[in-house]
Amino acid sequence: MNVASPGSARTGRAWQVLAGVPDPEIPAVSVCELGIVRDVCEDSDGALQVVLTPTYSGCPATEMIERDVREALLAAGLGPVRMELRRAPAWSTDWISEDGRRKLREYGIAPPPACAATRPTSAEVFVMPRHEAPSCPRCGSANTAQIAGFGSTPCKALWRCLDCAEPFDYFKPF
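Remember, it's a predicted structure, so these values are computed and weren't measured experimentally.

Draft legend 1. Just unusual backbone geometry, in detail. At the junction of G79 and P80, the peptide bond is cis and its omega measures out at 0 degrees in the coordinates. Here the bond from A88 into P89 is cis, since omega is 0 degrees, no more than 30 degrees from zero. Phi at A165 is positive, roughly 65 degrees, even though this residue is not glycine. Positionally, A165 belongs in the loop between β6 (156-161) and β7 (167-171).

As structure tokens, then:
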């Protein structure tokens, strides 16, 4: 049960601290900018509760994210801290902030367009949504082609710019 408003000084400070916690697989963006941190509140026992939604249920970085979030909050004197993994609703690339999309692009990863994720019908569960080809994050060209369905991590695909010939990761829309 939450007893403090989300705007309390302690939760506000926690959000500030978490804005500086980098994603372990993409250190150019924070776990907040990726939308992994879903909520921060104070429980009736005084613990700070942080709700995380991993980018997908099998994400290998989930435990590291939990550890990094906990350590950052404890180092800032905001403990005790309780973590909750909430997998429903499932994380969506629509939760990536505009700042996060910009930072992904600057890091060399093509971000998915906003509102790219659509919830599939039961017949489409295993079909990735169709979308336009991403623009090259290096030169901006839309003349790109997919090389592989998986890039450096399972949540990214490997693409190549046909103009500048550079390969790049594309954060798949979910």
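Draft legend 2. Structural context of the pattern of salt bridges. The tally for this structure, following the rule as stated, stands at 10 salt bridges. The closest approach of N and O atoms between R67 and D68, which form a salt bridge, is 2.8 Å. By relative accessible area, which is 43% here, R67 ends up partly exposed. Salt-bridge contacts for E106 lead to R102; the nearest nitrogen and oxygen are separated by 3.0 Å. Highlighted residues: E106 and R102, both in helix α3 (residues 98-107), separated by 4 residues, approximately one helical turn.

Draft legend 3. Geometry of the state of the cysteines. Taken as a whole and assessed by the stated rule, the structure comprises 0 disulfides. Free cysteine C136: the closest other cysteine sulfur is in C164, separated by 3.8 Å. Its relative accessible area of 3% is what places C136 among the buried residues. No disulfide involves C139; its sulfur sits 3.6 Å from that of C161, the nearest cysteine. For C139, a relative accessible area of 44% corresponds to the partly exposed category.

Draft legend 4. Structural view of the confidence of the model for the chain. Predicted confidence across the chain gives a mean pLDDT of 87, with 86% of residues reaching 70 or more. When the criterion is pLDDT under 50, residues 116-129 qualifies, and its contacts beyond four places in sequence or with other chains add up to 15 contacts.

Draft legend 5. How the structure looks around the packing of helix α1 (residues 9-18) against helix α2 (residues 62-75). Two elements in contact, α1 and α2, have axes separated by 10 Å at closest approach and are oriented at 125 degrees. Considering the angle they form, α1 stands oblique to α2. Our pair here, α1 against α2, has a crossing hand that is right-handed. Contacts from A14, V17 and L18 of α1 reach α2 at V69, A72 and L73.

Reading guide: rules and limits
Residues numbered from 1 in each chain as written. Predicted model: local features only at pLDDT ≥ 70, side-chain atom pairs only at ≥ 80, totals over all residues. Heavy atoms only, no water. Helix = DSSP H or I, 4+ residues; strand = E, 2+ residues; numbered from the N terminus. Salt bridge = Lys/Arg side-chain N within 4 Å of Asp/Glu carboxyl O. Buried < 20%, exposed > 50% of the residue type's maximum accessible area, 1.4 Å probe, protein only. Disulfide = S-S within 2.5 Å. pLDDT = per-residue confidence, 0-100. Contact = heavy atoms within 4.5 Å. Axes fitted to C-alpha atoms, helices over the stretch in contact; angles between N-to-C directions. Parallel < 35°, antiparallel > 145°, perpendicular 65-115°, else oblique. Left-handed = near helix turned anticlockwise from the far one by under 90°.

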